[in-house]
Amino acid sequence: MTQPRPRAAASGGGTQPEEADRLRELLRTPSYRKTLVFSALLGIPVSLIAFWFLVALHELEHLVWDTLPETLGWSMPPWWWPLVLLPIAGLIVSWVVLRLPGAGGHIPAYGLQPGGATSQALPGVVIAAVASLPLGATLGPEAPLIALGGGLALLFRELTRAPTTPQSIALLGAAGAAAAIAAIFGNPVIGAVLLMEVIGVGGPQLFAIMLPALLSSGVGALVFTGFGRWTGLDTASLRLKLSGPFPHLDAGDVLWALLVAAVIGAVVHYVFTAGRYFAALVAARTVRTTVLCALGAGVCAALYTLLTDRSPADVASSGQAAMVQLSAHPQSFGIAVLVAVLVFKGAAYALCLGSLRGGPVFPALFFGAAAGVLAAPLPGLGFIPGMAAGMAAASAAALRLPVSSVVLVVMLLGSVSMIPVVILAAVVAFVVTELLPAGPGVAPGGPPPAQPDRAAGARGAA
């Protein structure tokens, strides 16, 4: 007969409370219940602001890379287009880093960092993202969204004069970030799982953080989806329409996926290592090296266009639109084009990771998808298994978050048939990445270095 679990000892007994008892006690706390209610309400304004923020980024990118070239008589941006736009982005970002609180957000070369968001940093985060992403940074919007959501949550707390405790600040910051990040991925579960793994807590603290985050992101997803249908505006959320039906996995798919994942994981790891070297250079000479790194990314996009006669936006962007095209029409990317986009986008990715502001998720997904499609002709490996394994491996290596990578890729694919390949690829890439040297500024398995507030130093020097 199963023995009942011992209850926690009375006060003074010396026995620690069980995990379930601690969670139950937490849920009975009035302050925590108030935080849950506030998180549900918080999801509405944060998701609406995130909606308009993404609409603005999408419309600006469309204006810069589609409308303006067509107005000037070009069917696509000319090869020199990114050579003009990206140095401007570097100049604006360097000004934000030096002059505004929060330095425009976290350095993307060190991955997603949900902590440290403040209401004072919001202007710098918005300006740096608007300067980086529409002007051609090889980065995505997810990191600015996390900073925006966390900063807005704390701003609303200040406006409502809610009680301030270290726990409430952490909870509301996570809830706001979850509500914002759910917008771009089109699913509240992804935002909740991503933040759960980024925060890296366990036991009752995990539930304490995730319940407000999940609640707020769920409410935010309802508002975000309904508001988008009502206005008819597009935020360019990441959804794939794959070419052809999902195949049945066989031994060849699984074995090739393991090898492909190991190679992609190692390549993405060294892209991030290079990004951290560029970040160290930027820290020494902010303006000059930021502009030079941004110009280098523009050179990569220009060379890609000169060699392939395709749009420089394939390289000088997050890769979101190109990945949708790749998944729906893989035949439109020949082997030479796939090799070129991997080489030049990988180099531009590393340069932007260390110098500009944005998120690492979307370029990693596109890099992995392109590498998987390139490997698809291998005997026994299909297009969809190759693409699924590539995306899972690249995202796991870039984020160091294997569970989030699996959930993200499975939901993007819209089918559970690729789960075995996705899990194996994510685990293999994660293990390979952890075994390789960590690169400058990061100890193996350790957190990224603290973000310096150069704006405070510049104001003090002035």
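Preceding block: the structure.
Computed from a prediction, not measured in an experiment: that's the story for all the values here.

**Let's talk about the environment of Tyr270**
Alright, step 1. On the secondary structure map, Tyr270 appears in helix H9 (residues 251–284).
Alright, step 2. It is 8.8 Å that separates the C-alpha atoms of Tyr270 and Ala350, two residues lying 80 residues apart in sequence.
Alright, step 3. For Tyr270, the contacting residues outside a window of four places in its chain are Leu436 and Pro437.

**Details of the pattern of salt bridges**
Alright, step 1. Applying the stated rule across the entire model yields 2 salt bridges.
Alright, step 2. A salt bridge links Arg310 to Asp314, with the nearest nitrogen and oxygen atoms 3.0 Å apart.
Alright, step 3. According to the relative accessible area criterion, Asp314 is buried, its value standing at 8%.
Alright, step 4. Where Glu434 meets Arg400, a salt bridge forms, and the shortest distance between an N and an O atom there is 3.0 Å. Taken together, the residues Glu434 in helix H16 (residues 419–435) and Arg400 in the loop between helix H14 (383–399) and helix H15 (402–413) connect sequence positions 34 residues apart.
Alright, step 5. On the accessibility criterion, Arg400 (23% relative accessible area) is partly exposed.

**With respect to the packing of H14 against H16**
Alright, step 1. Running from N to C, H14 and H16 point in directions that differ by 35°, and their axes come no closer than 8 Å. Read as a crossing pair, H14 and H16 show a hand that is right-handed. Counting all contacts with H14, which are made through Pro385, Ala388, Ala389, Ala392, Ala393, Ala396 and Ala397, the residues of H16 involved are Val421, Val422, Ala425, Ala426, Ala429, Phe430 and Thr433.
Alright, step 2. In terms of residue class, the contact of H14 with H16 is built from 13 nonpolar, 1 polar and no charged.

**Observations concerning helix H3 (residues 81–99)**
Alright, step 1. Between its first and last C-alpha atoms H3 spans 28 Å; for 19 residues at 1.5 Å apiece the expected length is 27 Å, and the two agree.
Alright, step 2. What H3 keeps buried is the set Trp81, Pro82, Leu85, Leu86, Pro87, Ala89, Gly90, Val93, Ser94, Val96 and Val97.

**Focus: the side chain of Thr289**
Alright, step 1. Looking at the secondary structure, you find Thr289 in helix H10 (residues 286–308).
Alright, step 2. We classify Thr289 as buried; its relative accessible area is 15%.
Alright, step 3. A distance of 3.4 Å separates a polar atom in the side chain of Thr289 from the backbone oxygen of Leu281.
Alright, step 4. When sequence neighbours within four positions are dropped, the list of residues in contact with Thr289 reads Leu281 and Val282.

**Points about the nonpolar core**
Alright, step 1. Judged by nonpolar contacts, the single largest core of 114 residues is most densely connected at Leu145, Phe185 and Val422.
Alright, step 2. Sort the elements by how many residues they give to this core and H14 lands first, with 13 residues.
Alright, step 3. Aside from chain neighbours lying at most four places away, what touches Leu145 is Ala50, Phe53, Leu54, Ala180, Ile181 and Ile184.

**Observations concerning the packing of aromatic side chains**
Alright, step 1. For the coordinates displayed, the defined rule picks out 5 aromatic pairs.
Alright, step 2. Considering the side-chain rings of Phe51 and Trp52, the 5.2 Å spacing of their centres and the 85° angle between planes classify their relative orientation as edge-to-face.
Alright, step 3. Centroid distance Trp74 to Trp81: 6.0 Å. Interplanar angle 75°. Geometry classified as edge-to-face.
Alright, step 4. Residue Trp81 is classed as buried on the basis of its relative accessible area, which comes to 6%.
Alright, step 5. Ring-pair connections join several aromatic residues into one group, and the members of that group are Trp74, Trp80 and Trp81.
Alright, step 6. Directly above the ring of Phe333 sits Arg310, whose terminal nitrogen or CZ lies 4.2 Å from the centroid.

**Quick notes on the environment of Leu351**
Alright, step 1. Checked against the element boundaries, Leu351 lands in helix H12 (residues 335–355).
Alright, step 2. For Leu351, a relative accessible area of 12% translates into the label buried.
Alright, step 3. Counting along the chain gives 242 residues from Leu351 to Ala109, while the straight-line C-alpha distance between them is 9.2 Å.
Alright, step 4. Other than its neighbours up to four places away in sequence, Leu351 contacts Phe278, Cys293, Gly296, Ala297 and Cys300.

**Points about the environment of Ala128**
Alright, step 1. Residue placement: Ala128 occurs in helix H4 (residues 122–132).
Alright, step 2. Look at Ala128 and you get buried, because its relative accessible area is 0%.
Alright, step 3. It is 8.2 Å that separates the C-alpha atoms of Ala128 and Ala89, two residues lying 39 residues apart in sequence.
Alright, step 4. Residues contacting Ala128, with those up to four places away along its chain left out, are Val93, Val96, Gly104 and Arg357.

**Considerations on the packing of helix H13 (residues 361–375) against H14**
Each pair of packed helices can be described by the angle between their axes along with the distance between the axes.
Alright, step 1. In contact at an axis separation of 7 Å, H13 and H14 are set at 145° when each is read in the N-to-C sense. Note that H13 runs across H14; the crossing there is right-handed. Residue-level inspection shows Val361, Ala364, Leu365, Gly368, Ala369, Gly372 and Val373 of H13 in contact with H14, the latter providing Phe383, Gly386, Met387, Gly390, Met391, Ala394, Ser395, Ala398 and Leu399.
Alright, step 2. The class makeup of the residues in the contact of H13 with H14 is 11 nonpolar, 5 polar and no charged.

Thresholds, definitions, all that
Counting starts from 1 at the beginning of each chain's written sequence and moves along it residue by residue. With the structure being a predicted model, the display of local features is reserved for residues of pLDDT at least 70 and the display and counting of side-chain atom pairs for 80 or more, all residues being used for whole-chain, interface and lining totals. Neither water nor hydrogens contribute to the side-chain values; these are computed over all heavy atoms in the structure. Secondary structure counts use DSSP, requiring at least four H or I residues in a row for a helix and at least two E residues in a row for a strand, with both numbered from the N terminus. Here a residue-residue contact requires only that any non-hydrogen atoms of the pair lie within 4.5 Å. When a carboxyl oxygen of Asp or Glu is within 4 Å of a side-chain nitrogen of Lys or Arg, the pair counts as a salt bridge. Between buried and exposed lies partly exposed: a residue is buried under 20% and exposed over 50% of the maximum accessible area for its type, with that area taken using a 1.4 Å probe on protein chains only. What counts as an axis is a line fitted to C-alpha atoms, over the stretch in contact for a helix, and the angles between N-to-C directions run from 0 to 180 degrees. By definition, turning the near helix anticlockwise from the far helix through less than a right angle yields a left-handed crossing, and turning it clockwise yields a right-handed one. Any residue that is not Ala, Val, Leu, Ile, Met, Phe, Trp, Tyr, Cys, Pro, Asp, Glu, Lys or Arg is counted as polar, Gly included; the first ten are nonpolar and the last four charged. Helices are assigned an expected span. That span is 1.5 Å times one less than the residue count. Side-chain atoms alone can form a polar contact between residues adjacent in sequence; in general such a contact is a pair of N or O atoms within 3.5 Å, and within protein one must be able to donate a hydrogen while the other accepts it. By nonpolar core we mean a set of buried residues, namely Ala, Val, Leu, Ile, Met, Phe, Trp, Tyr and Cys, connected to one another through side-chain atoms within 4.5 Å. Think of it this way: a Phe, Tyr or Trp ring, Trp meaning its six-membered ring, pairs with another when their centres are within 6.5 Å, and the plane angle makes it stacked under 30 degrees, edge-to-face over 60, tilted otherwise. A ring has a charge above it when a Lys NZ or an Arg CZ is no more than 6 Å from the ring centre and no more than 35 degrees off the ring normal.

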